[in-house]
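Tertiary structure, described
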Amino acid sequence: MTTRARPVVAIDGPAGAGKSTCALRLAQALGFVLVDTGALYRGVALSAQERGLEWTDGPALGEHTRTLDLRFETGVDGAPLLFVDGVDRSGDIRTQEIARGASTVSKHPEVRAALLGLQRRLGEDGGVVLEGRDIGTVVFPDAEVKVFLTAGVEVRGKRRYDELRARGQDADLAKIVSEIAERDAQDAGRAVAPLRPADDAIVLDSSALQLERVVEQLVALVRQRSGG
Ligand code: DC
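So, here is what we can say about the structure in this document. (Residues numbered from 1 in each chain as written. Predicted model: local features only at pLDDT ≥ 70, side-chain atom pairs only at ≥ 80, totals over all residues. Heavy atoms only, no water.)

**Considerations on the nonpolar core**
Soluble globular proteins: nonpolar side chains tend toward being buried together. Spelled out, the test is: Put simply, a nonpolar core is a bunch of buried Ala, Val, Leu, Ile, Met, Phe, Trp, Tyr and Cys residues held in one set by side-chain atoms that sit within 4.5 Å of each other. Partly exposed describes any residue whose relative accessible area lies between the buried limit of under 20% and the exposed limit of over 50%, with all areas from a 1.4 Å probe on protein chains only and scaled to the type maximum. By the criteria applied, helices consist of DSSP H or I runs no shorter than four residues and strands consist of E runs no shorter than two, each listed in order from the N terminus. Contacts: residue pairs with any heavy atoms within 4.5 Å of one another.
Core analysis: the biggest nonpolar cluster contains 24 residues, and V9, I11, L26, V129 and L218 have the highest contact counts within it. Every element with two or more residues in this core is listed here: β1 (8–12), α1 (19–30), β7 (145–150) and α9 (211–225). Per-element accounting of this core gives the leading share, 7 residues, to α9. The residues touching I11, leaving out its near neighbours within four places in the chain, are K19, A23, L26, V129, L130, E131, G132, V147, L149 and L218.

**Structural notes on the environment of R159**
Its place among the elements puts R159 in helix α7 (residues 153–166). Excluding residues within four positions of it along the chain, R159 makes contact with G16, A17, G18, A151, S206, S207, L209 and L211.

**Comments concerning the side chain of D12**
Our working definition: We count Lys and Arg on the positive side and Asp and Glu on the negative side, and we leave His and both chain ends out. What makes a salt bridge here is a side-chain nitrogen of Lys or Arg within 4 Å of a carboxyl oxygen of Asp or Glu, nothing more. Counting of polar contacts relies on pairs of N or O atoms within 3.5 Å, with two restrictions inside protein: one atom must be capable of donating a hydrogen and the other of accepting it, and residues adjacent in sequence are counted only when both atoms are side-chain atoms.
Here D12 shows up in strand β1. R133 provides the closest opposite charge to the buried, unpaired D12, separated from it by 6.9 Å. Polar contacts involving the side chain of D12 include one to the main-chain amide nitrogen of R133, which spans 3.1 Å. A polar atom in the side chain of D12 sits 2.9 Å from the backbone nitrogen of I135. In contact with D12, not counting residues within four places along its chain, are K19, G132, R133, D134, I135, G136, V147, F148 and L149.

**Some details on the layout of surface pockets**
What counts, and what does not: We place a 1 Å grid over just the protein atoms. Points where a 1.4 Å probe fits but has no way out form a cavity, open points with protein on both sides within 12 Å along at least 5 of 7 lines form a pocket, and any residue with an atom within 4 Å of a point lines it. Grid points are joined across faces, edges and corners, and a volume is the space filled by probe spheres set on the points. Polarity classes work like this: nonpolar for Ala, Val, Leu, Ile, Met, Phe, Trp, Tyr, Cys and Pro, charged for Asp, Glu, Lys and Arg, and polar for all others, with Gly in that last group.
The space that makes up the largest pocket amounts to roughly 1,200 Å³. Along the wall of the largest pocket there are 50 residues; nearest its centre are S20, D36, R94, R160 and E163. Elements with a minimum of two residues in the lining of the largest pocket: α1, β2 (33–36), α2 (37–50), β4 (80–84), α4 (96–105), β6 (128–132), α7 and α8 (173–189). Looking at which element gives the most residues to the lining of the largest pocket, the answer is α7, with 6 residues. By volume, the second largest pocket is sized at about 190 Å³. In this structure, the second largest pocket is lined by 14 residues; those nearest its centre are V33, L34, T74, G78 and P80. Those elements giving two or more residues to the lining of the second largest pocket turn out to be α1, β2 and β3 (70–74). Tallied by class, residues from the lining of the second largest pocket come to 10 nonpolar, 3 polar and 1 charged.

Structural data, given as structure tokens:
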């Protein structure tokens, strides 16, 4: 039994399902801390690349991850900023290349093990929304609320495309859809902590829903589960 005064909310799901947007709005609505665990894997991929490490070298990446200083701060818009060794890398981790790298480094058990303690420390006091791939299955199997947020691959590709365009980046919709499908296969097919809903997760398909509606459902769900 846990003794947390406020719940841990786990939001897992594939790339582009709306997790980041929904997790941020949910955290803001509840006054909870948001932990974007994908940003940690992205920070590992980016810093490894800059040090000339191969994304395929599990033992070296595990060693590298253990020495990294990864921290979150809250940006002016409330979104989390990722600091790697004291430097804000939030913008640099949001490229398609680093997304691919994060998916590749996250296959290694050494990397997952090196990030596990940090994720647990960030969430242990409750009052937190953690978003990722294995929060409800591995990081917080005892989370009070577990949601698996998903959507069709075309819808997710279009959302990612709109996001990149809104940030002024070039984007090719067909390429994004195929990269997301490839990343899904890699994340769901890996041997350690594969992407899958926890047995006790609520599965929400956001394909035909505005993300605002999803946030409303999530807020209601957390309030109901925490008796308030
Ligand atoms: O959510 P994201 O796109 O920022 O995640 C980047 C990659 O990190 C994703 O393809 C798989 C990996 N990841 C993971 O393995 N476990 C998590 N809890 C979060 C992300």
